[in-house]
Structure formats: C-alpha cells, structure tokens
Amino acid sequence: MFEYLIKDYNSDAGGKYAEYYTPHAVSKIIANILVPEPVSNKTIYDPSAGSGTLLMNLAHAIGNDKCTVYSQDISQKSSNLLRLNLVLNNLVHSIENVIQGNTMTDPYHKKDGKLRQFDYIVSNPPFKLDFSDDVENLKKKENKDRFFAGVPNVPKKAKDKMAIYTLFLQHIMHSLNDTGKAAIVVPTGFITAQSGIDKKIRQKLVDNKMLAGVVSMPSNIFATTGTNVSIVFLDKENKEDVVLIDASKLGTTVKEGKNQKTLLSEAEENQIIETFTNKTEVEDFSVVVKYDDIKAKNYSLSAGQYFEVKIEYIDITAEEFNAKLKGFESNLEQLFAESDTLEKDIQENLKQLKYD
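Residues numbered from 1 in each chain as written. Predicted model: local features only at pLDDT ≥ 70, side-chain atom pairs only at ≥ 80, totals over all residues. Heavy atoms only, no water.

## Remarks on helix α3 (residues 53-62)
Item 1. With 8 of 10 residues buried, α3 is to be regarded as a mostly interior element.
Item 2. Of the surrounding secondary structure, the elements contacted by the buried residues of α3 are α2 (24-34), β1 (42-46), β2 (67-73), α4 (76-88) and β6 (118-123).
Item 3. Once α3 ends, the next one or two residues include Gly63, with phi positive near 120°. (Buried < 20%, exposed > 50% of the residue type's maximum accessible area, 1.4 Å probe, protein only. Helix = DSSP H or I, 4+ residues; strand = E, 2+ residues; numbered from the N terminus. Contact = heavy atoms within 4.5 Å.)

## A closer look at the sheet that holds strand β10 (residues 242-246)
Item 1. A sheet is described by the order of its strands in space; here 9 strands give the open sequence β3-β2-β1-β6-β7-β9-β8-β10-β13, paired in mixed fashion. Of all strands in the sheet, those with a lone pairing partner are β3 (98-100) and β13 (286-289), marking the two edges. Ignoring which end each strand starts from, the neighbouring axes of this sheet average 10° apart.
Item 2. Note: β1 against β2, 5 bridges, orientation parallel. What sits directly across from Lys42, in β2, is Cys67. (Pairing = 2+ DSSP bridges. Axes fitted to C-alpha atoms, helices over the stretch in contact; angles between N-to-C directions.)

## Concerning helix α7 (residues 196-207)
Item 1. For α7, spanning 12 residues, the distance from its first C-alpha to its last is 17 Å, which sits close to the expected 16 Å at 1.5 Å a residue.
Item 2. Among all positions in α7, only Ile197, Asp198, Lys199, Ile201, Arg202, Leu205 and Val206 are buried. (Expected span 1.5 Å × (residues − 1).)

## What about the nonpolar core?
Item 1. Among the nonpolar cores identified, the biggest contains 79 residues, and Ile30, Leu211, Phe233 and Leu234 are the most heavily contacted of them.
Item 2. In contact with Ile30, not counting residues within four places along its chain, are Leu54, Val122, Ala183, Val185, Ile231 and Phe233.
Item 3. Val135, Leu138, Leu167 and Phe168 belong to the second largest nonpolar core, which has 10 residues in total. (Core = buried A, V, L, I, M, F, W, Y, C linked by side-chain atoms within 4.5 Å.)

## Quick notes on the packing of aromatic side chains
Centre distance and the angle of the planes are the two values used to describe a pair of aromatic rings.
Item 1. Evaluated as defined, the whole model comprises 5 aromatic pairs.
Item 2. Relative to Phe276, the ring of Phe233 has its centre 4.9 Å away and its plane inclined at 50°; by these criteria the two rings are tilted. Taken as a pair, Phe233 in strand β9 (residues 229-235) and Phe276 in helix α8 (residues 266-278) lie far apart in primary sequence, 43 residues in all. Pair check on accessibility: Phe233 and Phe276 agree, each one buried.
Item 3. Clustering of aromatic rings is evident, with ring pairs tying together Tyr45, Tyr70 and Phe118.
Item 4. Stacked on the ring of Phe148, the Lys or Arg Lys204 has its end atom at 4.1 Å from the ring centre. (Phe/Tyr/Trp six-rings, centres within 6.5 Å; stacked < 30°, edge-to-face > 60°. Lys NZ or Arg CZ within 6 Å of the ring centre and 35° of its normal.)

## Brief notes about the pairing of β1
In the case of a regular strand, side chains alternate between the two sheet surfaces.
Item 1. Burial of β1 is extensive: 4 of the 5 residues sit out of reach of the surface.
Item 2. Bridge analysis of β1 against β6 gives 2 bridges, and the strand direction is parallel. Following the sheet pairing, Tyr45 is matched in β6 by Ile121.

## Some remarks on the environment of Val254
Item 1. Examined against the element boundaries, Val254 turns out to sit in strand β11 (residues 252-256).
Item 2. Note: C-alpha distance between Val254 and Lys354 (100 residues apart in sequence) is 49 Å.
Item 3. With sequence-adjacent residues up to four places away left out, Val254 is seen in contact with Asn259, Gln260, Lys261 and Leu263.

## Considerations on unusual backbone geometry
Item 1. The residue Lys209 is not glycine, and still its phi comes out positive at about 50°.
Item 2. When you line up the elements, Lys209 lands in the loop between α7 and β8 (211-216).
Item 3. Given the relative accessible area of 37%, Lys209 is considered partly exposed.
Item 4. Positive phi, normally seen in glycine, also occurs at Asp284, with a value near 60°.
Item 5. Structurally, Asp284 is set in the loop between α8 and β13.
Item 6. Judged by its relative accessible area of 49%, Asp284 is partly exposed.

## A look at the packing of α2 against α3
Item 1. One way to put it is that α2 packs onto α3 with a least axis distance of 9 Å and a crossing angle of 40°. Looking at the two axes, α2 sits oblique to α3. The crossing of α2 and α3 is right-handed. Judged by residue contacts, Ser27, Lys28, Ile30, Ala31 and Leu34 of α2 engage Thr53, Leu54, Asn57, Leu58 and Ala61 from α3.
Item 2. Counted by class, the contact of α2 with α3 contains 6 nonpolar, 3 polar and 1 charged residues. (Parallel < 35°, antiparallel > 145°, perpendicular 65-115°, else oblique. Left-handed = near helix turned anticlockwise from the far one by under 90°. Nonpolar A, V, L, I, M, F, W, Y, C, P; charged D, E, K, R; others polar.)

This is the structure:
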C-alpha cells in the first residue's frame, strides 16, 4: 500500500521524491542476505532512512514483533513518510524512534552517554551533498573515533559534489554492536579506489575482519541516477570467507519516464541471495576469497579482479602448426595489400579536393 502511495506521490510531484524510495530488488537482496535464518529481539537502524523502504523489508524479514526500528534523516518530509510507513506496516511501537535531524553532526540515538549500537544497520545514503558548513564540526575531537578515516574534501568548484557517503559508512561501522550486521549502498567506485578515505575504510573492514562481502549491481538499478552502485555487507562475526559478486550483467532494461532502468527478475534476485548466503563460486559471477587474498590485491573488492583467467590448450601436430602459420601469413599479406590500395586511393582523393 505504501509503495502504491509513494509511486503516485512521486509521479504527481514530477519525480522529485524519488529520494524517498529504494528499488524493491535492492531492499529484498539486503533483507534476505542479512537475515538468512530466524532471529528475535533485534534493533534495526538507518541513519539516512528516507521513507524507510530498507527498514520495512528488514523488519519483515525479522518479524514486526521481533524488532524495534530506529532512524534519523535530515528531511522532515521523509521522516513523516516513514511514520506513515510504520503505521501501515504494523510497527507503531517504533514511531517515537523516528528522528528528524543531521545524523552526521548531531546523531540522536544514544545510550549511557555514548552513541547507541545496533544489531542491524541498513542505509542507502546520499552519495554527494554540500556539507561544507559542517566540516569543522565533523573534525572535532569527539568525532575522531567515529570518522577514523577522515572527512571528505569540499570540492572548490562544486560543493554539492562532496562525497559524504564515506561519512555514513564510517558512522555505520562505529554504530554496530559486537555481533552486528550491516548493508550499505555505495557508488561502485568505492570498492576499487586506490587512495584516500575509501581505501582507508576498506582497509579497516578487512583488517578488522568485519567485511562479509560485496554485490556489484547492474547499471541503472536506480532510475534517478546513472551512477553504478554496489552493496557492501558487514558482519562483526564474520570469520574468514568474503563473498564478492558481479551482478552487473543481470537484469532487463526498461524505460521509466525519461530514464532507463534495469529490473531484476525474481529468479535473478534469488540467484544473488542464494549465491551470497551459500558462499558459492560461479564462473564469471561470484568468488569466495580470504582476507589475505584481498590484502594481496591492494584491498580491492571488485569480484572481477579475482576471477580465474582460463587458457585452453589444444594439442596439434607440427604439420597442423605449419599450416596455421602459413594461413596467418597469407591473411597478413592480403591485409597489407589492401592497406596499400586504400592508402593510394586516399592520396588520390586528397589531390582532387579543391577550395570553392
């Protein structure tokens, strides 16, 4: 019901409320991977909740009566939509935990004077926004542990291109309890960046053995942005195996308004979920690696860099080899001859060009 309402709301508003909605495929994949088996009495949190699509899917995977929802979002409109979503999804007991505010500068949810830590965290944070007025606040001593990798630079010519998703990632890592799990949507460039804050975050995820895996999604999975996205999964109890999936070739492209959007079939969604949950290796799709393997690849989390390059060898006789070699020589001679002819034709045509 809520998705129906938000779809009409978004359409009537000319598409500007797309920020409040995360695609169904992304929400389903996150919820099913985070909760592969029954759990109860859990806290779930989203520091950039929007209308709560990710939280609702996660709550349903756990059970509405078996979890408590916490959220914060800078937008009052999205917070109001989330409260409505809680009512429609039988999660009224969590309405008081929906907070409007700036999670980065003024995180609201605390316990015993410290930031509250949660069992599950999900987030599809804004990738780039102008947070330039808050930089000095974010760099204060009390935020040093939370933003261990640093605060992103403010681009001089485009302040609104400040890569604040790195702040949310660090905040989420800091807000997980000792057995916590999380899933965060990030630009795919994060998983291979060779320097800066992105690299420092990946190093900590690997060195502290809290990375469970990464799923690189198809392009245009979000109709509102051309940015390729990946989902980073964290698990404070992960032992050794890390699952990397390249799902970029999946999906069917459809037109949604003026934009192209990629839709995953139910079978493709389940393929991603089952491959990740079972830690299965599938040729050119998924790979299971150790933390030391990731360190050896300069902390890259791109599945493609770990795929085995297969070379097929065929036994042939000396006669067959010589015949193939003569064939290649003949083809080359023919191509060179054609090249000479084309070169002469071009020169002749150039001589005939006149200025009128």
